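Chains, contacts and geometry: an overview
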Amino acid sequence: MTLRSVIMGTGSALPRRCVSNDELAQTVDTSDAWIVERTGIRQRYIAGEGETTTTLAVEASRHALEAAGVAPDEVDLIVLATATPDQTFPASATIVQAQLGIPDCVAFDVGAVCSGFLYALTVADNMLRGGAARTALVIGAETFSRILDWEDRATCVLFGDGAGAVVLRAQETDAQAGRGILASKLHADGRYNALLNVDGGPSTTGTVGKVRMKGQDVFRHAVVNLAEVLREVLASAGVAAGEIDWVVPHQANARILDATARKLKLDPAKVVMTVDRHANTSAASVPLALDVAVRDGRIRKGDLVVLEAMGGGFTWGASLLRY
Ligand code: UT7
């Protein structure tokens, strides 16, 4: 037997308003044809009045707790990944804690942009296996629409808002066939800041700033880094690519997903794709896609699932788990 962090339940939340490419093309110099061909995106959800990163995070968390059959007061750790917190401080995780009525727990945010959920999951997994907590809520939640330059067609058409959450619990499981997180691998290379960043912050401009991206350069790095980190995580668990039941990737661009799958000779039918309906929701994209595939019955208990993401920093990472 071995102690592992097991996903007990998943949940997600989207803003009320869905914006199609055609609707966007009424105010931005773009077209449905360009966006679909270059990215696979057909629509995105945009937060409206009263909707924030934490309102979405709380809704996703409630769904995950319900699916897990876990009461909020059983949660002793909240790790929330976001680049768009409600406030510069305190951590959005503490706002979620208060909204869920959890009297005391450890709660903090993790910032790794689009890889944020992989970072949060790995931190929580290590804390659970190290005995610092027993039941964790791991959340990816974003309102990227609030940091987009709506005059920059090269970025504003790519992103959307949303949240995803998982309930993670430390459990003794069979070392061979048991469920839980089997291996994770994280990377960062801060030399690439200029290729994908926000041009502001409390300590520099004193403003929130807007997303800036050199898309083609990011694309090239994403395909190489994601294929490499997937190979690493599979090798460290002694699992062959052909044994994987489902790949749940960060949903940035359908072409990146296809190219990464080709590089690893993975069956494209095993890659969960939600970028068409959610666009790129940064830290929320992996748990949102995971929740979609769990709820529509594709991902079942016992399946071997690999999660992967790459984003600003650059940061990137992957986790292999038996669902
Ligand atoms: O989540 C973090 C990680 N992020 C990513 O992984 C994003 C990675 N990058 C990408 O997904 C792609 O590079 C983009 C989707 C951002 C761009 O696709 P691309 O095929 O690399 O296009 P491009 O930037 O080379 O632009 C091609 C043309 C340009 O026009 P010219 O110079 O060829 O005349 C752009 O001005 O498309 C133009 N363009 C647009 N046209 C219509 C750029 N944005 C738009 C737009 N609508 N929204």
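Keep in mind it's a predicted model, so treat the numbers as computed, not measured. Here the residue index of a chain counts from 1 through its sequence in written order. Where local features are concerned, this predicted model is filtered to residues with pLDDT of at least 70; where side-chain atom pairs are given and counted, the filter is 80 or more; whole-chain, interface and lining totals use all residues. Where side-chain values are given, they derive from all heavy atoms of the structure, hydrogens and water being excluded.

This part covers the pairing of strand S4 (residues 77–81). Counting buried residues in S4 gives 5 out of 5 residues, a clear majority hidden from the surface. Burial status follows relative accessibility: with a 1.4 Å probe on protein chains alone, a residue under 20% of its type maximum counts as buried, one over 50% as exposed, and anything between as partly exposed. Counting from the N terminus, the helices are the DSSP runs of H or I reaching at least four residues and the strands are the DSSP runs of E reaching at least two. Neither face of S4 is left uncovered, since the one carrying Leu77, Val79 and Ala81 and the one carrying Ile78 and Leu80 both have all their residues buried. Between any two strands, at least two bridges found by DSSP are needed for them to pair. With 5 bridges joining them, S4 and strand S5 (residues 106–110) adopt parallel strand pairing. Looking at S5, one finds that Leu80 is bridged to Asp109. Here is how to tell: hold the view so the strands point away, follow the path from the first strand over the helix to the second, and if it runs clockwise the crossover is right-handed. The handedness of the S4 to S5 crossover, carried by helix H4 (residues 92–100), is right-handed. Sheet topology places S4 next to strand S6 (residues 135–143); 5 bridges connect them, and they run parallel. Along S6, the bridge assignment pairs Leu77 with Ala136.

Here the focus is the packing of aromatic side chains. Whether two aromatic rings pair depends on their centres lying within 6.5 Å, for rings of Phe, Tyr and Trp, where Trp uses its six-membered ring; planes under 30 degrees apart make the pair stacked, over 60 edge-to-face, and the rest tilted. Following the criterion strictly, the structure yields 2 aromatic pairs and no others. Ring centres of Tyr192 and Phe314 lie 5.0 Å apart, and the angle between their planes is 15°; this geometry places the pair in the stacked category. Residue Tyr192 is found in the loop between strand S8 (180–188) and strand S9 (196–198), and its partner Phe314 is found in the loop between strand S12 (304–311) and strand S13 (315–322); the two are separated by 122 residues along the sequence. Stacked on the ring of Tyr323, the Lys or Arg Arg179 has its end atom at 5.9 Å from the ring centre. A ring has a charge above it when a Lys NZ or an Arg CZ is no more than 6 Å from the ring centre and no more than 35 degrees off the ring normal. The side chain of Arg298 reaches across the aromatic face of Trp246, ending 6.0 Å from its centre.

Next up on the list: the packing of helix H3 (residues 53–68) against H4. Two elements in contact, H3 and H4, have axes whose closest approach is 9 Å; the angle formed by their N-to-C orientations is 55°. Between H3 and H4, the interaxial angle falls into the category oblique. As for how H3 packs across H4, the hand of that crossing is right-handed. The residues of H4 that touch H3, namely those facing Thr54, Ala57, Val58, Ser61, Arg62 and Leu65, are Ser92, Ile95, Val96, Gln99 and Leu100. Every angle, taken between N-to-C directions, lies between 0 and 180 degrees, and every axis is a line fitted to C-alpha atoms, over only the stretch in contact when it is a helix. Working rule for angles: under 35 degrees goes down as roughly parallel, over 145 as roughly antiparallel, 65 to 115 as roughly perpendicular, anything else as oblique. It is the rotation of the near helix from the far one that decides the hand of a crossing: anticlockwise by less than a right angle makes it left-handed, clockwise makes it right-handed. The criterion used for residue contact is that any of the two residues' heavy atoms lie within 4.5 Å.

A separate point is the pattern of salt bridges. Definition used for salt bridges: Asp or Glu carboxyl oxygen within 4 Å of a side-chain nitrogen of Lys or Arg. Inspection of the entire model under this criterion finds 11 salt bridges. Its salt-bridge partner being Arg153, residue Asp29 comes within 3.5 Å of it at the nearest N-O pair. Remark: Arg153 occurs in helix H6 (residues 153–156) and Asp29 occurs in the loop between helix H1 (21–24) and helix H2 (32–39); sequence separation between them is 124 residues. With a closest N to O distance of 2.8 Å, Arg295 and Asp291 form a salt bridge. With Arg295 and Asp291 both in helix H10 (residues 285–295) and 4 residues apart, this pair spans about one turn of that helix. A cluster of three or more residues bridged by salt bridges with shared partners is formed by Asp149, Asp199 and Arg212.

Here the focus is the site of the ligand. One heavy atom within 4 Å of a molecule or strand makes the whole residue count as near it. The ligand sits among 23 residues. The nearest are Thr30, Arg38, Gln216, Asn253 and Asn280. For the ligand, an oxygen atom lies 2.9 Å from a polar atom in the side chain of Arg38. Residue His250 places a side-chain N or O atom 2.9 Å away from an oxygen atom belonging to the ligand. Taking 960 Å² as the accessible area of the ligand by itself, protein coverage stands at 73%. Elements with a contribution of two residues or more to the shell around the ligand: H2, H6, helix H7 (215–237) and helix H8 (254–263). Here the shell around the ligand gets 4 residues from one element, more than from any other, and that element is H7. In the scheme used here, Gly and all other residues not listed as nonpolar or charged are polar, with Ala, Val, Leu, Ile, Met, Phe, Trp, Tyr, Cys and Pro taken as nonpolar and Asp, Glu, Lys and Arg as charged. Counted by class, the shell around the ligand contains 12 nonpolar, 7 polar and 4 charged residues. Both domain 1 (2–173) and domain 2 (180–322) contribute no fewer than three residues apiece to the shell around the ligand. We call two N or O atoms a polar contact when they sit within 3.5 Å, provided that within protein one can donate a hydrogen and the other can accept it, with sequence-adjacent residues counted only if both atoms are side-chain atoms. Only the protein chains shown count as cover for residues, with accessible areas throughout obtained via the Shrake-Rupley method and a probe of 1.4 Å. Domain segmentation is taken from an automatic or database assignment of domains.

Take the environment of Gln251 next. Mapped onto the elements, Gln251 comes out in the loop between strand S11 (246–249) and H8. For the pair formed by Gln251 and Val286, sequence separation is 35 residues and the distance between their alpha carbons is 7.1 Å. When sequence neighbours within four positions are dropped, the list of residues in contact with Gln251 reads Leu257, Val272, Met273, Thr274, Val275, Ala279, Asn280, Ser285 and Ala289. Side-chain polar atoms of Gln251 contact the backbone oxygen of Pro249, separated by 2.8 Å. A polar contact is formed between the side chain of Gln251 and the backbone nitrogen of Thr274, at a distance of 2.7 Å.

Without other data, these values stay purely geometric and don't point to any function.
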